[in-house]
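Notes for the structure review
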Amino acid sequence: MGVYNVHERVPPVSGAEAGLLLDGLSGAGDRLRPRADRPPMRLDGPPAPGASGGHGPVRYTVAAYVPGRWVRFAFHGPRGFHEYTVHPLAPDRALLRHTLAVRARGWARLTWPLAFRSLHDAVPEDSPDRAERDCAGTVGRPARWNRYVRLLRRLVR
């Protein structure tokens, strides 16, 4: 089963500022990855090809990195990747995109649609909220978790 999952947001930040969010992933000043009740992203160095790490039980290696524009993480287990990209739109606007593409096999064919898709979707929706709050001081349209996601979050705690 193929999984292709894309989340996009246009926070009120420049392409350069959005690019700094990517460049800071996994560092002490990570301003993109949500922290509340989530395992932090950890890499064995700054984002650069070959850096290895993950979040929680999910393990990956940085497969490609263009500073300020694009970082792709290749999964250690299933074949696939997740990535963040920045697309400048105007002097004060940039599209921030998170893409997950993976081949689900075995139990993942059942667990992805039943639980992990909903849990996963909350992270790339909360990431731009965190970035927007940090960069602009407020969030224009914050992401909201539905009841099912709130239930799953309570179960995995």
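Further up the page is the structure itself.
The shown structure was predicted, so the numbers you read here are calculated from the model rather than taken from an experiment. (Residues numbered from 1 in each chain as written. Predicted model: local features only at pLDDT ≥ 70, side-chain atom pairs only at ≥ 80, totals over all residues. Heavy atoms only, no water.)

Some words on unusual backbone geometry
At Ser 26, a residue that is not glycine, the phi angle is positive and equals roughly 75°. Note on Ser 26: relative accessible area 11%, which makes it buried. (Buried < 20%, exposed > 50% of the residue type's maximum accessible area, 1.4 Å probe, protein only.)

Some remarks on the packing of aromatic side chains
In this structure the tally under the stated criterion is two aromatic pairs. Lying across the ring of Phe 81, Arg 72 places its NZ or CZ 3.6 Å from the centre. (Phe/Tyr/Trp six-rings, centres within 6.5 Å; stacked < 30°, edge-to-face > 60°. Lys NZ or Arg CZ within 6 Å of the ring centre and 35° of its normal.)

Regarding the pattern of salt bridges
Overall, the coordinates contain two salt bridges when judged by the stated rule. Across the pair Arg 97 and Glu 8 runs a salt bridge whose closest N-O atoms are separated by 2.5 Å. In this pair, Arg 97 is assigned in strand E7 (residues 93–103) and Glu 8 in strand E1 (residues 2–9), connecting sequence segments 89 residues apart. Note on Arg 97: relative accessible area 23%, which makes it partly exposed. For Glu 83, the salt bridge identified is with Arg 72, shortest N-O distance 2.8 Å. A residue pair is termed long-range when its members are at least 10 positions apart, and Glu 83 in strand E6 (residues 80–90) and Arg 72 in strand E5 (residues 70–75) qualify at 11 residues. (Salt bridge = Lys/Arg side-chain N within 4 Å of Asp/Glu carboxyl O. Helix = DSSP H or I, 4+ residues; strand = E, 2+ residues; numbered from the N terminus.)

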